[in-house]
Structures are given as C-alpha cells and as structure tokens.
Amino acid sequence: MKIGFIGLGKMGRPMALNLLKAGFPVTVHNRSRGVVEELGKAGAHQVFSPRDVAEECDIVLTCLPNSKAVEEVYLGKESAISHARRGQIFIDHSTVGPSTSGSLARAAGEKGASFLDAPISGGPVGAETGTLTIMVGGEKDAFDKAKPVLEAMGKNIHHVGSSGAGSVVKLANQLLVAINLSGLVEALVMGAKAGVDPNMMMEVLGTSYGGSVILNRLGPLLVQRNFQARTPVNLILKDLGLIKELSDELSLRLLMGSLAEEIFSEAKAQGYGEQDMVALVRPLEELAGVEVKSPVGG
C-alpha cells in the first residue's frame, strides 16, 4: 500500500515522518521544497505536484492551512482528484467547513474513489508523538481500510459519521478551544490584578470544576510569557470564521462563539495575530495594567 502526503507544515511534516517510521512507503509533495528534500533524506519519495502523488499512491493524505489550499490541491491545476482512480482513498486532515468536505467527497465519488474528512487535534506535540485525535467523516468501508494508516499518526481514531461529520466535530472542538481560552485569560488577569499568584491559581483551578485541558496545557505557557507560535491567533480566528459560516447555514445563534471571535479579532488588530493563541491575554493585560506572571521572588 503506497501512501502519499501533501502539505508538510507544522503538523504534516511530523505526521509524514511517523508514517515512514511505521514502515509505510511514503510519497511527499509540498509547495516549498526544503521540507520535501528533508523527508526525502528520511526515506520518502519526492514528487512535484498533487497529480504526481495521486498517480502513484493508493491512499493520499493532505494537511493544508485553509479551504483555498485544499480546493487547489484537490480540484485545481495538476490536482489530485482529477487524476483519481477507482478504489483510491483521499483523506484530508485540514480544518475546513463541512460543505467543502462534502463537495470533495462528491468529486472523488465521480471517479470511483473515496474521500474522508479527517481533521486532527493535539497540536504539533501530538503530531510529533503520534498521539493525535483524528475525527473522521465518510464511508465506513474506506475508514476501515485507512485505519492502520491513521493509527500510525494518532492515538484516538474515531469514525464520527458520514461525509462532513469530521469537519463538524473539529469545528465544535475549535469553538470550545476559543471559548475556553477566552475565559481562561479573563480569569487569570482578574486574579493577577487582585494580587494572586497565577501559578497558585492554576494549581487550585486545575483540581476544581473550573479546570480544563486548556488551563493545564496553555496556562503554564501564558505565565511563562511564551508567545512563540504553535497555534497562532490567526489560525483560531480562521476557524472561528468557518464556525460562523456553519452557524449561519444552520440558522443557529452562537453568542459565546461570536464573543470569542471578537476577542481574537482584538488580539489580531493589536498586532498579535502571528503569536501563539495564548497571546490572547495581552490586550486584556494592557487594559488592566497588569501582566499574568509569577510575582518577583515568588
């Protein structure tokens, strides 16, 4: 079984490396060639277009930054689906709207191929350690055939429904991430302004009803003032735009989601868009006249 991987960014690169480590023959393509050459040295076969990947491989995986890039790879010039064949499986790990996933599934189906929307959660660390959560929408038969490949990259693999369902679950996850982080920064700024050590707050809150994965993973980075981009503000803001589109399609009110989008937009407007999403705290700190960090000598 030949595996193709298109999109070798912060997530795609370690995912492709894990496939190689698992013993799969992997063909890779990326717009910038440096990372392609790097994976070539690790044993991957290098090609120059999505078409090349589709022509060589039985299962083609993609991990791309936005809907435009996904549509270009699958449907544009030298695209993957235009050269699909019967029985082939395409798997997209990008975060896109369910309507995009549905249109790609239909396009693949016209060629006799299958398409799975399989967005991921776990961040770069999860991609590197092969412990990603992967939520998959699409045909169950295709999922079953592809599962051994997915298990080389993730620890929690879930078939969540028909085409588009994986994208919906991922957007629900991103909605919770945005809302939870918005609440966390407000809580920690409030405590810091009142003179409480943020580390002490996090220790107590972590064992209370207010605790969360967001607090445990992102709280320490925030207190350490570590704003180096892992998941940038702009990326979450992009996802919140997709969530807004979906809520409009469903005629659904997402009040907290709208407030989170406003908070993330504020951080972007103040120049923090390329910083990690924990930089969401910085505009509020400026308003409060305090920084969330341990007291000197604390």
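For the structure, check the block above.
Just so it is clear, the structure is predicted and the values come from calculations on it, not from any experiment. (Residues numbered from 1 in each chain as written. Predicted model: local features only at pLDDT ≥ 70, side-chain atom pairs only at ≥ 80, totals over all residues. Heavy atoms only, no water.)

J.: What am I meant to see in the overall build of the protein here?
T.: A tally of helices and strands in the protein yields 13 helices and nine strands. For 298 residues, the compact-globule formula gives about 19 Å, and the C-alpha radius of gyration of the protein, at 20 Å, lands near that figure. Principal-axis analysis of the C-alpha atoms places the extent of the protein at approximately 65 × 45 × 35 Å. Long-range pairs, those at least 24 residues apart, make up 66% of the contacts in the protein with a sequence separation of at least 6. Put simply, the protein shows about 13900 Å² of open surface, and 54% of that area lies on carbon and sulfur atoms. (Helix = DSSP H or I, 4+ residues; strand = E, 2+ residues; numbered from the N terminus. Rg over C-alpha atoms; globule rule 2.2 N^0.38 Å. Contact = heavy atoms within 4.5 Å. Areas by Shrake-Rupley, 256 points an atom, 1.4 Å probe, with all protein chains shown as cover.)

J.: Quick question: what am I supposed to make of the pairing of strand β6 (residues 114–117) here?
T.: A regular strand places its side chains on the two faces of the sheet in alternate fashion. Of the two faces of β6, both are covered, the one formed by Ser-114 and Leu-116 as well as the one formed by Phe-115 and Asp-117. The pairing of strand β5 (residues 89–92) with β6 spans four bridges and is classified as parallel. Bridging across to β6, Ile-89 finds its partner in Ser-114. In this view, the connection linking β5 to its parallel neighbour β6 by way of helix α5 (residues 98–110) has right-handed handedness. (Buried < 20%, exposed > 50% of the residue type's maximum accessible area, 1.4 Å probe, protein only. Pairing = 2+ DSSP bridges. Right-handed = clockwise from strand over helix to strand, strands pointing away.)

J.: Can you walk me through the side chain of Lys-170 in this structure?
T.: As for its placement among the helices and strands, Lys-170 is situated in helix α8 (residues 165–193). Among buried Asp, Glu, Lys and Arg side chains, Lys-170 stands out as unpaired, with Asp-239 the closest opposite charge at 5.3 Å. (Lys, Arg positive; Asp, Glu negative; His and termini not counted. Salt bridge = Lys/Arg side-chain N within 4 Å of Asp/Glu carboxyl O.)

J.: Help me out: how do you make sense of the nonpolar core in this one?
T.: Buried together is how nonpolar side chains tend to be arranged in soluble globular proteins. With 39 residues, the main nonpolar core has Leu-181, Phe-264 and Val-292 as its most contacted residues. Examining the composition of this core, we find that 11 residues originate from one element, α8, more than from any other. Once residues lying within four places of it in the same chain are set aside, the contact partners of Phe-264 are Ala-178, Leu-181, Ser-182, Val-233, Ile-236, Leu-237, Leu-240, Met-277 and Leu-280. Formed by 36 residues, the second largest nonpolar core is a distinct cluster that contains Leu-8, Cys-63, Leu-150 and Met-153. (Core = buried A, V, L, I, M, F, W, Y, C linked by side-chain atoms within 4.5 Å.)

J.: Sorry, what's going on with the environment of Lys-147 here?
T.: Topologically, Lys-147 is positioned in helix α7 (residues 140–151). Through-space distance from the C-alpha of Lys-147 to that of Ser-99 is 24 Å; in sequence the pair is 48 residues apart.

J.: So what exactly am I meant to see when it comes to the pairing of strand β1 (residues 3–6) here?
T.: Here β1 shows a buried face lined by Ile-3 and Phe-5 and a second buried face lined by Gly-4 and Ile-6. Across four bridges, β1 lies against strand β2 (residues 26–29) in parallel orientation. In the sheet register, Ile-6 faces β2, and the bridge partner there is His-29. As for the winding sense of the linkage, the β-α-β connection from β1 through helix α1 (residues 12–21) to β2 is right-handed.

That's the geometry; what it means functionally is another story.
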